[in-house]
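Residues per chain, in single letters:
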Amino acid sequence: MGRFFGVIQQLDPYREANNLERVRRLVAGRRELNLAGEMVDGLSIIVLNKDRPDLLRALWSSFDALRVLADTKGIPIELLVGDTGSKDPEALELLRSPPQRCRVTFDMSYQFSRCNNDLFELANHSVSLFMNNDVLFDANPMGLLDCYERLTADSELGAIGAVLYFEDGRIQHAGIGFLREVGVWGLPFHPGARSSLAYPEGLFWPIAAVTGAFIMVPSVLYRALGGFDEGYAKECQDVDLCLKIARSGRRIEVGSIGPIVHLENATRVSGEEDWLDRALFLRRWSSFAEEL
Amino acid sequence: MRRALLLTSVMKRGYGVSVVGAELAARLEANGWKLDIGALEIDEFFAGAGVVEMPDDITSIVTYCQTHEVDVIVAQTSPYFEKLPILDHWFRTMAYEHGDPTPGLFPRSMLEREKGRSHKRKNVYPYVSRVVAISDFIRADIGWPSASVVLNGCDHVPDLGIKPQSEFEKRGSRPLRVGTLMRLGYGESYYKGIDEFESLVKSHGGDGRISFAIMGRGRETDRQHWNALGVDCHLNASDEERSSFLRELDVFISPSMWEGFNLPLVEAQASGTVGLAFDVGAHPETTPFVMSSINDIEFLLDLWSVDRLALAKASEHSYRFVRSQFLWDRAASEFAAELDVTMGTSRGELWRRTKIGRMFRRILGRFRIDGVIGITRALLLRVFRLFGRNH
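Residues numbered from 1 in each chain as written. Chains lettered and ligands numbered in written order. Predicted model: local features only at pLDDT ≥ 70, side-chain atom pairs only at ≥ 80, totals over all residues.

Digging into the overall build of chain B
Item 1. When helices and strands are counted, chain B shows 17 helices and 13 strands.
Item 2. Along the first, second and third principal axes, the C-alpha set of chain B runs to 90 × 45 × 35 Å.
Item 3. Evaluated residue by residue, chain B yields a buried proportion of 45% over its 391 residues. (Helix = DSSP H or I, 4+ residues; strand = E, 2+ residues; numbered from the N terminus. Buried ≥ 20, exposed ≤ 12 C-beta atoms within 10 Å, placed from the backbone.)

Now the structure itself:
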């Protein structure tokens, strides 16, 4: 059994949150996501970016390739980019001249959940893909459409993630599991990460959760769940969303859709752990995760 | 066999502390302890073997314990907590904390309540042999990190198993039956979430997809109030009615804003009904379905009102969670281990045993009870009696 009083004090879910604060947070409620118009079939890709013209250039060309493929399949797509404070002139230039069917929102103040939710409110399509700017899908843009078709064909499916690789070919992400050791019980981890396992392309399998670096969700479901929880400052909002999906009885899958590269922490400093987020996550989900 | 006395304010049906006392008492003998229970109020259900009326004065408690050779005194509620530091001069003592609701939830009595909590931190916990909490949340909430935790059980609820799939299918044609169990009346509404439940009823009760029910101790006016809102209200039910109510629900909601454990939530889940509760109090420990907002509850009710298969899965999840985590045998064995540790507490062990040590502790105890004037009066009385006898 996962008891809350663990060996890592920072993970004690009650240490930094007294009950009155928890009540206030609860009473404040969560954000209602409002849509600009009616959702139509298709795929909205939502990406946050800051500087990094190299990544933007890759995104523009990959999206161009994807758009052509989507057009041949009759799948409407759009790209919604949120700029969270670029200063780099080259990046700003690229953001001012986006590809077709791409809209850029400037002057966003970075907070992962809030910014993604803001962009989602601008989305027009029935499926939303939240993707990090350091995810490169130029080697196989078709993989994204495979995910879209799989998600729209199965109403029991609540979200799809992708196997992501480091540049050297090792696995960066192949789904998320939960630790079962005393003291860290219920804490998310990436099984198989940094291994050189080879997954056959086209293979999808059920998993407890997937990373927010690449997560495709039916827009209706995302909206009904309130999107990414803005109560998390930096971490765990993606796993929180996945568990809400799982709690609604839907399946989550991760799929091998070709060499999708995730540079990881290209725009965020590595080692910036947020213990409050982790403690909050454990408080809300470690009991649920016991039966997963 | 060693003997302990559990002091609690009530031993009456419908009170969580009474269930805890009775379940532990029934199982502790197998772990080498006999547990007597002393209470201020007792109803006919609990009256009888091992449960006695116990005024909250030191003399009565000490007399009982000396007569019955009690080894450890355990306080479960106020006003007995406050007596423990004095009793600790004669006996080993344990504060068995079920917690106090967050003072900030009571605007009118906030300061008084805060004072009560602070008093225990300063004047009770440091002076007892052991502090035991009923959840990790309570350990943090009482501000006593060295407290041990003994979780309650749930297997006093008859185990009818998970509800079969066919039952959910059969119920699919009728509205989703959503209910709660709490003490009714507005004296309770500060933290029990009555307002939240009522707003849920008002927003979802009229669409025909969901029907609401409430059970609890209350008055006829409470029934009239809930009936006017279209809520099926059951007052002052028996244990059997309570079990059947919890089993018959499709979804149990606890809208409470503070709970040290939440026995009704656990009982509902043990009855095969999915239990939803907010992310407050000890709920993260007692249900897998922790809601971060009222919107989370609304989403699940909307979903389950049409998808009974998803409801069946969630109900099974809840059932398995509580039935595997909360066992009275385990609780009794852990509680007995805490009593054993309390007996073996080394604080002042040798000093306590000496004749002079015992005398000193008695004088100190009387000093704490009666003060200097009281002690002087008692001494003078003894002298006069002695004088009277001799002459």
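Considerations on the environment of Arg101(A)
Item 1. Relative to the assigned elements, Arg101(A) resides in the loop between α3 (89-96) and β3 (102-105).
Item 2. When neighbours within four sequence positions are excluded, Arg101(A) is seen to be in contact with Arg67(A), Ile77(A), Glu78(A) and Leu79(A). (Contact = placed C-beta atoms within 7 Å.)

As for helix α2 (residues 53-73) of chain A
All names here are of chain A.
Item 1. Counted at 1.5 Å a residue, the expected span for α2 with its 21 residues is 30 Å, and the 30 Å between its end C-alpha atoms agrees.
Item 2. Among the residues of α2, those classed as buried are Leu 55, Leu 56, Leu 59, Ser 62, Phe 63, Leu 66, Arg 67 and Ala 70. Down the axis of α2, the sector holding all buried residues measures 155 degrees, keeping them to one side. Away from the buried face of α2 by more than 90 degrees, exposed residues Val 68, Asp 71 and Thr 72 are located. (Expected span 1.5 Å × (residues − 1). Arc of directions from axis to C-beta.)

Things to note about the pairing of strand β4 (residues 125-132) of chain A
Residue and element names in this part refer to chain A.
Item 1. With respect to burial, β4 is a largely interior element, seven of its eight residues being buried.
Item 2. Relative to β4, strand β1 (residues 40-49) runs parallel, the two being bridged by seven bridges. Opposite Leu 48, over in β4, you have Asn 132 as the bridge partner.
Item 3. Sheet topology places β4 next to strand β11 (residues 214-218); five bridges connect them, and they run antiparallel. When the sheet's bridge partners are listed, Met 131 is paired in β11 with Phe 214. (Pairing = 2+ DSSP bridges.)

Concerning the nonpolar core
Item 1. Within the largest apolar cluster, 111 residues are counted, with the highest numbers of intra-cluster contacts made by Ala4(B), Ile73(B), Val74(B), Ala75(B), Ala95(B), Val251(B) and Leu276(B).
Item 2. Counting residues per element, this core draws most heavily on helix α1 (residues 16-28) of chain B, at seven residues.
Item 3. For this core, the two domains that each supply at least three residues are domain 1 (2-153 + 329-347) and domain 2 (165-326) of chain B.
Item 4. One finds Ala162(A), Leu225(A), Tyr232(A) and Leu282(A) within the second-largest nonpolar core, a separate group that totals 78 residues. (Core = buried A, V, L, I, M, F, W, Y, C linked by C-beta atoms within 7 Å. Domains from an automatic or database assignment.)

Section: the sheet that holds strand β7 (residues 148-149) of chain B
Item 1. The strand order across the open sheet built from seven strands is β3-β2-β1-β4-β5-β6-β7 (chain B), with neighbouring strands paired in parallel fashion. With partners counted over all chains shown, the strands left at the sheet margins are β3 (51-53) and β7 of chain B, one partner each.

Concerning the sheet that holds strand β12 (residues 274-278) of chain B
Residues and elements named next belong to chain B.
Item 1. Pairing is parallel in the open sheet, where six strands are placed in the order β10-β9-β8-β11-β12-β13. Every other strand in the sheet has two partners, leaving β10 (232-235) and β13 (290-291) as the edge strands with one partner each.
Item 2. Where β12 and β13 come together, two bridges link them in parallel fashion. Counterpart to Phe 278 in the pairing with β13 is Met 291.

Overview of the domain arrangement of chain B
Residue and element names in this part refer to chain B.
Item 1. Examined at the domain level, chain B breaks down into domain 1 (2-153 + 329-347) and domain 2 (165-326).
Item 2. Relative placement of domain 1 and domain 2: their C-alpha centres are 29 Å apart.
Item 3. Between domain 1 and domain 2, the residue contacts involve 18 residues of the former and 13 residues of the latter.
Item 4. For the side of domain 1 that touches domain 2, the elements supplying multiple residues, two or more each, are α1 and α5 (136-141).
Item 5. Ranked by the residues each element gives to the side of domain 1 that touches domain 2, the list is headed by α5, at three residues.
Item 6. Each residue belonging to the side of domain 1 that touches domain 2 can be placed in one class, and the counts come to eight nonpolar, eight polar and two charged. (Nonpolar A, V, L, I, M, F, W, Y, C, P; charged D, E, K, R; others polar.)

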